[in-house]
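Architecture at a glance
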Amino acid sequence: MATADLLLHPVRLRILQTLLGSGELTTAQLRDRLPDVAPATMYRHVAALTQAGILDVVRETPVRGTVERSYRVRQDEALVDDDARTTMTKDDHRQAFTVFTGALLADFDRYLTRDDTEPAREGVLYRQGAVWVTEEEFAELVDELEAAVERRTTPGDGRTRHVISLVLVPDKATEG
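Let me sum up the structure you'll find in this document. Quick caveat, the model's predicted, so the values are computed rather than measured.

To continue, consider the packing of helix α2 (residues 10–19) against helix α4 (residues 39–51). The geometry of α2 relative to α4 is characterised by a closest axis approach of 10 Å and an angle of 75 degrees between their N-to-C directions. Judged by the angle between their axes, α2 and α4 are roughly perpendicular. For the pair α2 and α4, the contacting residues are Val-11, Arg-12, Ile-15 and Leu-16 in the first and Thr-41, Met-42, His-45, Val-46, Ala-48 and Leu-49 in the second. When grouped by side-chain class, the residues that make up the contact of α2 with α4 number seven nonpolar, two polar and one charged.

Shown next as structure tokens:
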């Protein structure tokens, strides 16, 4: 598992979000999907994620005297583990959440700027709900949500990639 500092860097987080559920992509394909990231910056962050074992090189193809690599996310490594989360301060969590929401906003904005988007028809959804659960029920709910997403991570014919972002926050103010 990786550190929060490694995963929650704004550019690296966007690279990971772009790769998640996309199968494999080359750096050139990543640059097409993230045109605001300078090429040198893209290469540097892809190299850092690869060196940390978060990205795997799944193919190397000779292209005009160089080698083009295709990358895939190792989803089991692209997580901030429990030990790392417990050592994070409240300010660390605030900063991590800010990076996360900033990346989420950038993804949504990139989607909306396309001419061919139809949010209502394409099922764009953002909502909040509340559940009342014990600690055990909460752990079970998280496992169920993660399993439901995991079952749907394989690209295929007729499938469209959707990004699902999940935030779980205890609402201690309303317990009682």
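Together, Glu-135, Glu-136, Glu-137, Glu-140, Asp-143, Glu-144 and Glu-146 make up a negatively charged patch on the protein surface. Here Glu-137 shows up in helix α7 (residues 135–150).

On to the nonpolar core. The biggest cluster of nonpolar side chains holds 22 residues, and the ones touching the most others in it are Ile-15, Leu-16, Leu-19, Leu-30, Met-42, Val-46 and Leu-55. At the level of secondary structure, the elements contributing two or more residues to this core comprise α1 (4–7), α2, α4 and β3 (66–73). It is α2 that provides the largest number of residues to this core, a total of four residues.

To continue, consider the sheet that holds strand β2 (residues 55–63). In sheet architecture, strand pairing relies on hydrogen bonds along the backbone and comes in two forms, parallel and antiparallel. Pairing is antiparallel in the open sheet, where three strands are placed in the order β1-β3-β2. Of all strands in the sheet, those bounded by a partner on one side alone are β1 (25–26) and β2. Across two bridges, the pairing between β1 and β3 is antiparallel. Among the inter-strand pairings, Thr-26 is bridged to a residue of β3, identified as Ser-70. Lying over the sheet, α2 contacts β1, β2 and β3, oriented at roughly 80 degrees with respect to β3. Of the strands in this sheet, β2 and β3 touch α4, which is tilted by about 125 degrees from β2.

What follows is about the pattern of salt bridges. Scanning the entire structure with this criterion turns up eleven salt bridges. Residues Glu-24 and Arg-72 are paired through a salt bridge, measuring 3.9 Å at the closest nitrogen-oxygen approach. Here the residue Glu-24 occupies a position in the loop between α2 and β1, and Arg-72 occupies one in strand β3, the gap between them amounting to 48 residues. We classify Glu-24 as partly exposed; its relative accessible area is 25%. On the accessibility criterion, Arg-72 (39% relative accessible area) is partly exposed. A cluster of three or more residues bridged by salt bridges with shared partners is formed by Glu-24, Arg-59 and Arg-72.

Rules of the game
Residues numbered from 1 in each chain as written. Predicted model: local features only at pLDDT ≥ 70, side-chain atom pairs only at ≥ 80, totals over all residues. Heavy atoms only, no water. Axes fitted to C-alpha atoms, helices over the stretch in contact; angles between N-to-C directions. Helix = DSSP H or I, 4+ residues; strand = E, 2+ residues; numbered from the N terminus. Parallel < 35°, antiparallel > 145°, perpendicular 65-115°, else oblique. Contact = heavy atoms within 4.5 Å. Nonpolar A, V, L, I, M, F, W, Y, C, P; charged D, E, K, R; others polar. Patch = residues over 30% accessible without salt bridge, like charges linked within 9 Å, V, L, I, M, F, W, Y side chains within 5 Å. Areas by Shrake-Rupley, 256 points an atom, 1.4 Å probe, with all protein chains shown as cover. Salt bridge = Lys/Arg side-chain N within 4 Å of Asp/Glu carboxyl O. Lys, Arg positive; Asp, Glu negative; His and termini not counted. Charge placed at Lys NZ, Arg CZ, Asp CG, Glu CD. Core = buried A, V, L, I, M, F, W, Y, C linked by side-chain atoms within 4.5 Å. Buried < 20%, exposed > 50% of the residue type's maximum accessible area, 1.4 Å probe, protein only. Pairing = 2+ DSSP bridges.

Distances and angles like these do not, on their own, reveal function.
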